[in-house]
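# Chain and residue survey
What follows is the residue order along each chain.
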Amino acid sequence: MMYYEDLALHDSKISEQTHEVTAEEIKAFAGQWDPMPFHLDEEVAKASPMGGLFASSLHTVAIGTRLGHSMIEEGIAMIAGLGWDELRFPKPVMVGDVLRCKSEIVDKRVSKSKPDRGIVVTQMTVTNQNEEVVATYKFTNMVFRRPE
């Protein structure tokens, strides 16, 4: 089990696992969670500024989250997620894009109110097959400190 003390500032990882985005997946996700016409209908998407079917931003974050979990080699003494910040989508995820994720611990501190816990902030960057950034975000988690 990895505890707060095992998570070092500036530690970074890149996912070995990738995810190829398909038209069927985009439509299925959008149909359930973000039913905008340009995520559901290829003809409507062709007429959009993107020029083709593209993934919902929610879908992109879901893929990034799954790829992030694939980088965890052993369990983390996670208590809870506390929030997401600075969520950005500089480039759309298109049909056929192959996504990969990078994580870096950018801040950590011991909780002032509960000293048996630490707060860890991780910067996530999701890129496509051309290493173009398609999403960036920071998430903050509460993690147990190593028991004494």
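We now turn to the structure provided with this report. Since this is a predicted model, take the numbers as computed values, not measurements. (Residues numbered from 1 in each chain as written. Predicted model: local features only at pLDDT ≥ 70, side-chain atom pairs only at ≥ 80, totals over all residues. Heavy atoms only, no water.)

Right, let's talk about the pairing of strand β5 (residues 117-127) for a bit. Burial analysis of β5 places 11 of its 11 residues in the buried class, which makes it a mostly covered element. The side-chain alternation of β5 yields two buried faces, one formed by Arg 117, Ile 119, Val 121, Gln 123, Thr 125 and Thr 127 and the other by Gly 118, Val 120, Thr 122, Met 124 and Val 126. Counted between consecutive antiparallel strands, the loop separating strand β4 (residues 98-110) from β5 contains 6 residues. The pairing of β5 with strand β6 (residues 133-144) spans 11 bridges and is antiparallel. Across the sheet, the residue bridging to Arg 117 is Phe 144, located in β6. Here β5 folds back onto β6, and the loop between the two strands holds 5 residues, one of which, Glu 131, carries a positive phi near 65°. (Buried < 20%, exposed > 50% of the residue type's maximum accessible area, 1.4 Å probe, protein only. Helix = DSSP H or I, 4+ residues; strand = E, 2+ residues; numbered from the N terminus. Pairing = 2+ DSSP bridges.)

It is at 9 Å that the axes of helix α1 (residues 23-33) and helix α4 (residues 57-70) come closest, and there the two elements cross at 110°. The angle between α1 and α4 places the two elements in the roughly perpendicular class. Considering how the two elements wind past one another, α1 and α4 form a crossing that is right-handed. Listed contacts from α4 to Glu 25, Ile 26, Phe 29 and Trp 33 of α1 are Leu 58, His 59, Ala 62 and Ile 63. Among the residues making up the contact of α1 with α4, the classes are represented as 6 nonpolar, 1 polar and 1 charged. (Axes fitted to C-alpha atoms, helices over the stretch in contact; angles between N-to-C directions. Parallel < 35°, antiparallel > 145°, perpendicular 65-115°, else oblique. Left-handed = near helix turned anticlockwise from the far one by under 90°. Contact = heavy atoms within 4.5 Å. Nonpolar A, V, L, I, M, F, W, Y, C, P; charged D, E, K, R; others polar.)

This paragraph deals with a nonpolar patch on the surface. Taken together, the side chains of Trp 84, Leu 87 and Phe 89 define a hydrophobic patch exposed on the protein surface, amounting to about 280 Å² of accessible area. Position of Leu 87 among the secondary structure elements: in strand β3 (residues 78-88). (Patch = residues over 30% accessible without salt bridge, like charges linked within 9 Å, V, L, I, M, F, W, Y side chains within 5 Å. Areas by Shrake-Rupley, 256 points an atom, 1.4 Å probe, with all protein chains shown as cover. Salt bridge = Lys/Arg side-chain N within 4 Å of Asp/Glu carboxyl O.)

Membership of the largest hydrophobic core comes to 18 residues, with the highest contact counts inside it found for Val 21, Val 93, Leu 99, Cys 101, Met 124 and Val 126. Elements with a minimum of two residues in this core: α1, α4, β4, β5 and β6. If you tally residues by element for this core, the top one is β6, at 4 residues. Excluding anything up to four places from it in sequence, Val 93 contacts Val 21, Leu 53, Phe 54, Ala 55, Thr 60, Leu 99 and Val 134. (Core = buried A, V, L, I, M, F, W, Y, C linked by side-chain atoms within 4.5 Å.)

Coordinates in, geometry out; function isn't part of it.
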